[in-house]
Amino acid sequence: MSEPSTAITYGTYDLFHIGHVNLFRRIKERWGRLIVAVSTDVFNAQKGKRSAVPFADRIELVRACRYVDLAIPETCWEQKADDIRRHHVQAFVMGDDWLGKFDELKPLCEVVYLPRTQGVSSSELKQYIRE
């Protein structure tokens, strides 16, 4: 039997929800091994974002998901190419809300944009809680 291929995805994973689980499950089923890079609080601040849940808790929630083989910190935009090389990644996978944004990685691996789970997002959950 051949080795499973490796896919990587990136995100903040604030207010962990079913959309995150669905993404992880779909990636794991298709590629066999899943690495998830979780944005640190410092990197989120550089992007103009603020998480409701601190990084240490978010990465532990991601690690606890049975579909995730490895969770690593995401500290900057530029690390993606290095991560692909370092972890021998065959597929870079993101939600289709990022369509076309990471096509520069295509020389390194397959770049795939999967449809998001409809009706759920961390931003929408935060807005609902504020209201």
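## Considerations on the overall build of the protein chain
In step 1: Scanning the protein chain for helices and strands turns up five helices and five strands.
In step 2: Secondary structure elements of the protein chain occur, N-terminal to C-terminal, as β-α-β-α-α-β-α-β-β-α.
In step 3: Expressed as a percentage of its 131 residues, the buried residues of the protein chain come to 46%.
In step 4: Long-range pairs, those at least 24 residues apart, make up 64% of the contacts in the protein chain with a sequence separation of at least 6.
In step 5: For the protein chain, the exposed surface amounts to about 7500 Å²; the carbon and sulfur share of it is 53%.

## Considering the packing of aromatic side chains
In step 1: Under the defined criterion, the tally for this structure stands at eight aromatic pairs.
In step 2: With a centroid separation of 5.6 Å and an interplanar angle of 35 degrees, the aromatic rings of tyrosine 10 and phenylalanine 92 are classed as tilted. With a gap of 82 residues between them, tyrosine 10 in strand β1 (residues 5-11) and phenylalanine 92 in strand β4 (residues 91-95) connect regions that are remote in the sequence. Summarising the burial analysis for this pair, tyrosine 10 and phenylalanine 92 share the class buried.
In step 3: Ring geometry for phenylalanine 16 and phenylalanine 24: centres 6.0 Å apart, planes at 40 degrees, overall tilted.
In step 4: Connected via pairs of aromatic rings, a cluster forms that spans Tyr10, Phe43, Trp77, Phe92, Trp98 and Phe102.
In step 5: The ring of tryptophan 77 carries the charged tip of lysine 47 above its face, separated from the ring centre by 5.5 Å.
In step 6: The ring of tyrosine 10 has lysine 80 lying over it, and the distance from NZ or CZ to the ring centre is 4.5 Å.

## Some words on unusual backbone geometry
In step 1: Although it is not a glycine, tyrosine 13 sits at a positive phi angle of roughly 55 degrees.
In step 2: With respect to the helices and strands, tyrosine 13 occurs in the loop between β1 and α1 (18-31).
In step 3: Not every positive phi belongs to a glycine, and leucine 15 is a case in point at roughly 50 degrees.
In step 4: Position of leucine 15 relative to the elements: it lies in the loop between β1 and α1.

Thresholds, definitions, all that
Residues numbered from 1 in each chain as written. Predicted model: local features only at pLDDT ≥ 70, side-chain atom pairs only at ≥ 80, totals over all residues. Heavy atoms only, no water. Helix = DSSP H or I, 4+ residues; strand = E, 2+ residues; numbered from the N terminus. Buried < 20%, exposed > 50% of the residue type's maximum accessible area, 1.4 Å probe, protein only. Contact = heavy atoms within 4.5 Å. Areas by Shrake-Rupley, 256 points an atom, 1.4 Å probe, with all protein chains shown as cover. Phe/Tyr/Trp six-rings, centres within 6.5 Å; stacked < 30°, edge-to-face > 60°. Lys NZ or Arg CZ within 6 Å of the ring centre and 35° of its normal.

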